[in-house]
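Residue strings, one per chain:
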Amino acid sequence: QKEVEQNSGPLSVPEGAIASLNCTYSDRGSQSFFWYRQYSGKSPELIMFIYSNGDKEDGRFTAQLNKASQYVSLLIRDSQPSDSATYLCAVNEGTSGGTGANSKLTFGKGITLSVRP
Amino acid sequence: SAVISQKPSRDICQRGTSLTIQCQVDSQVTMMFWYRQQPGQSLTLIATANQGSEATYESGFVIDKFPISRPNLTFSTLTVSNMSPEDSSIYLCSVTRGRDEQFFGPGTRLTVL
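On a predicted model such as this, the values are computed, not experimentally measured, just so you know.

*Asks:* It is not clear to me how the interface of chain B and chain A should be interpreted in this structure. Could you clarify?
*Replies:* A common way to state how big an interface is: give the accessible area lost once the parts meet. Between chain B and chain A, the residue contacts involve 21 residues of the former and 27 residues of the latter. Roughly 1,800 Å² of surface becomes buried between chain B and chain A when both sides are summed, with 51% attributable to carbon and sulfur atoms. Taken together, the links from chain B to chain A amount to one salt bridge. We note a salt bridge from glutamate 58 of chain B to lysine 104 of chain A, for which the minimum N-O separation is 3.4 Å. At the boundary of chain B with chain A, the tally comes to eight residue pairs in polar contact (both at pLDDT 80 or more). Taken together, the elements giving at least two residues each to the side of chain B that touches chain A come down to strand S4 (31-37), strand S5 (43-50), strand S9 (89-97) and strand S10 (101-104) of chain B. Looking at the side of chain B that touches chain A, its residues break down into nine nonpolar, seven polar and five charged.

*Asks:* Quick question: what am I supposed to make of the sheet that holds strand S7 (residues 61-66) of chain A here?
*Replies:* Backbone-to-backbone hydrogen bonds pair the strands of a sheet. The strands run either parallel or antiparallel. Residues and elements named next belong to chain A. Strand order in the open sheet formed by five strands is S1-S3-S8-S7-S6, with antiparallel pairing between adjacent strands. The open sheet is flanked by strand S1 (4-6) and strand S6 (54-58), the only strands paired with a single partner. Averaged over neighbouring strand pairs, the angle between their axes works out to 20 degrees when direction is ignored. Two elements, strand S3 (residues 19-25) and strand S8 (residues 71-76), share six bridges in a ladder whose sense is antiparallel. The partner of asparagine 22 across the bridge, within S8, is serine 73.

*Asks:* Looking at this structure, how should I read the layout of surface pockets?
*Replies:* Where empty space is left in the structure can be found by rolling a water-sized probe over the atoms. In this structure, the largest pocket encloses a volume near 750 Å³. Around the largest pocket, the lining comprises 32 residues; the ones closest to its centre are Gln1, Lys2, Thr106 and Phe107 of chain A together with Leu43 of chain B. Residue assignment for the lining of the largest pocket shows that the elements contributing at least two residues are S1, strand S9 (85-92) and strand S10 (105-107) of chain A together with S5 of chain B. Tallied by class, residues from the lining of the largest pocket come to seven nonpolar, 16 polar and nine charged.

About the thresholds
Residues numbered from 1 in each chain as written. Chains lettered and ligands numbered in written order. Predicted model: local features only at pLDDT ≥ 70, side-chain atom pairs only at ≥ 80, totals over all residues. Heavy atoms only, no water. Contact = heavy atoms within 4.5 Å. Buried area = accessible area lost by both parts, 1.4 Å probe. Salt bridge = Lys/Arg side-chain N within 4 Å of Asp/Glu carboxyl O. Polar contact = N/O pair within 3.5 Å; in protein donor to acceptor, adjacent residues only side chain to side chain. Helix = DSSP H or I, 4+ residues; strand = E, 2+ residues; numbered from the N terminus. Nonpolar A, V, L, I, M, F, W, Y, C, P; charged D, E, K, R; others polar. Pairing = 2+ DSSP bridges. Axes fitted to C-alpha atoms, helices over the stretch in contact; angles between N-to-C directions. 1 Å grid on protein atoms, 1.4 Å probe; cavity = no way out; pocket = protein on both sides within 12 Å on 5 of 7 lines; lining within 4 Å. Points joined across faces, edges and corners; volume = space filled by probe spheres on them.

Structure representation (structure tokens):
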């Protein structure tokens, strides 16, 4: 059974702080890693994806991947109240190369982030 | 990303009835995916729909309960059959773009009484 584990929440940070969200996965052969943001009553929105070890930065978001430790994280710098949402980590064991085949995502339970003004 | 629409956005149904959810994508895609998100839970993959072949179901999901159609490369339907209150969930379709990035539709919020 492939598993994706996220820190139990909720996580509360003050505005302007760095929020650190962590995720571990059980399948060592996993190839693709994703972070989704889900506001209450809305569908998940893809905010970051990472395929190679190391860091990937996009604006205030940085995804970090360490395949040896089977660990992926999301850092949110200068957190804003609008970042308050549930963040879902998802892992794909394969890669489709753009065809969609083998794109079977396993999701963590999610962690709720609250940014205090 | 992808532009995905779903119909209906929400519905309230009586137990024992069936509901068909439609998913429309703005451009052709090989695979479409159907997920379920039960209240307060994360997403669980129901099945993968490939145009021109039968859907592939995940463990715990069967075709008789969740029949799927995929008549062309931009459209799919998921039917929730013989519904019970335990089927109350958000049902989401998704597609991939780029290498493996998966994008979700707005979801269908189903309540079964």
